[in-house]
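# Geometric and topological summary
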Amino acid sequence: MSRPKLWLSWSSGKDSAWTLHKLRASGEFEVTGLLTTINQDAGRVAMHAVREELLDRQAEAAGVPLVKISIPAQCTNAIYEAAMSAAVAQARAAGVFHMAFGDLFLEDIRRYREEKMRSAGMTPIFPLWDLPTPALAREMVAGGLRAYLTCVDPKQLDRRFAGRMFDHELLDDLPPGVDPCGENGEFHSFAFAGPMFAKALEVTPGQILERDGFVFADVMGASPALP
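These figures come from a predicted structure and were not determined experimentally.

### With respect to the nonpolar core
As a rule of thumb, nonpolar side chains are buried together in soluble globular proteins. Of all hydrophobic cores here, the largest spans 53 residues; its most connected members are Leu8 and Phe166. For Phe166, the contacting residues outside a window of four places in its chain are Lys14, Ala137, Met140, Val141, Ala147, Leu149, Leu171, Pro180 and Phe187. In terms of nonpolar packing, the next biggest core, distinct from the first, is built from 17 residues, Ile71, Ala83, Met84 and Val96 among them.

Have a look at this one:
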């Protein structure tokens, strides 16, 4: 029997990447799309500030088609929900009735997703839900996941963490009260290597800049090799 098709909410970060790995390891679903929100004014992944061309390369390495939702930089909730509704309708038209999320423990976010998905006739899936984040973060690193921190909230974490590799050393350096997976918004990341990818992406953290109260590391990619 064929497995049910599923789209994965894809932020380009480590939690999304690890969710893809877990979904594939379980074998319960066929992941047929990565759903990503793009800031259309900046051409970057919303919040994570990852360049769209790097997102494209990431999806290619994952071997799953991207489904992009374009929203303006100043996006109202009504605009966002209308764009998401259109994407869900696209999913259903393609025979997809399950949507996975990499959420870890924030109950209000999970309830919001459940309400919106179920009202649209979709079943939400949470493969990482309620896993202890200190152990989960170490599992990701030990499992070969590699990521750079692309966005840091300086109100919660020192700005010097922007651009750092998500590794055991970083986890050792996180101050008490900061979630090891950044689930409270302390930081966001870009995953560039791991078991969910056919190959590692050649990237490096570039300029560090501050905008809208957050500190960003502009991850840069090497140019594709010429044939």
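From this point on, the discussion continues.
### Focus: the sheet that holds strand S10 (residues 214-221)
Consider a sheet: its strands pair through backbone hydrogen bonds, and that pairing is either parallel or antiparallel. Ordered by their spatial adjacency, four strands build an open sheet running S8-S7-S10-S9, and the pairing between neighbours is antiparallel. Pairing within the sheet leaves two strands with one partner each, and these edge strands are strand S8 (187-193) and strand S9 (203-211). Taken over all neighbouring pairs, the strand axes of this sheet differ in orientation by 30° on average, direction set aside. In this sheet, S8 lies alongside strand S7 (residues 146-152) in antiparallel orientation, the contact comprising six bridges. What sits directly across from Cys151, in S8, is His188.

### So, the environment of Asp167
Examined against the element boundaries, Asp167 turns out to sit in the loop between S7 and helix H6 (168-173). When the C-alpha positions of Asp167 and Gly144 are compared, they lie 9.7 Å apart, and in sequence the two are 23 residues distant.

### Here we look at the packing of helix H3 (residues 77-93) against helix H4 (residues 107-119)
The angle between the axes and the distance between the axes are what describe a pair of packed helices. Two elements in contact, H3 and H4, have axes separated by 11 Å at closest approach and are oriented at 50°. Compared by their axis directions, H3 and H4 come out oblique. For H3 against H4, the interelement crossing comes out right-handed. Each of Asn77, Tyr80, Glu81 and Val88 in H3 lies in contact with H4, whose residues at this interface are Tyr112, Lys116 and Met117. Looking at the contact of H3 with H4 residue by residue, the classes come out as four nonpolar, one polar and two charged.

### Comments concerning helix H1 (residues 14-26)
Over its 13 residues, H1 runs 18 Å from end to end, which matches the ideal 18 Å to within 8%, given 1.5 Å per residue. Of all the residues in H1, the buried ones are Lys14, Asp15, Ser16, Ala17, Trp18, Thr19, Leu20 and Leu23. Gly27, located one to two residues past H1, shows a positive phi value of around 70°.

Rules used throughout
Residues numbered from 1 in each chain as written. Predicted model: local features only at pLDDT ≥ 70, side-chain atom pairs only at ≥ 80, totals over all residues. Heavy atoms only, no water. Core = buried A, V, L, I, M, F, W, Y, C linked by side-chain atoms within 4.5 Å. Buried < 20%, exposed > 50% of the residue type's maximum accessible area, 1.4 Å probe, protein only. Contact = heavy atoms within 4.5 Å. Pairing = 2+ DSSP bridges. Helix = DSSP H or I, 4+ residues; strand = E, 2+ residues; numbered from the N terminus. Axes fitted to C-alpha atoms, helices over the stretch in contact; angles between N-to-C directions. Parallel < 35°, antiparallel > 145°, perpendicular 65-115°, else oblique. Left-handed = near helix turned anticlockwise from the far one by under 90°. Nonpolar A, V, L, I, M, F, W, Y, C, P; charged D, E, K, R; others polar. Expected span 1.5 Å × (residues − 1).

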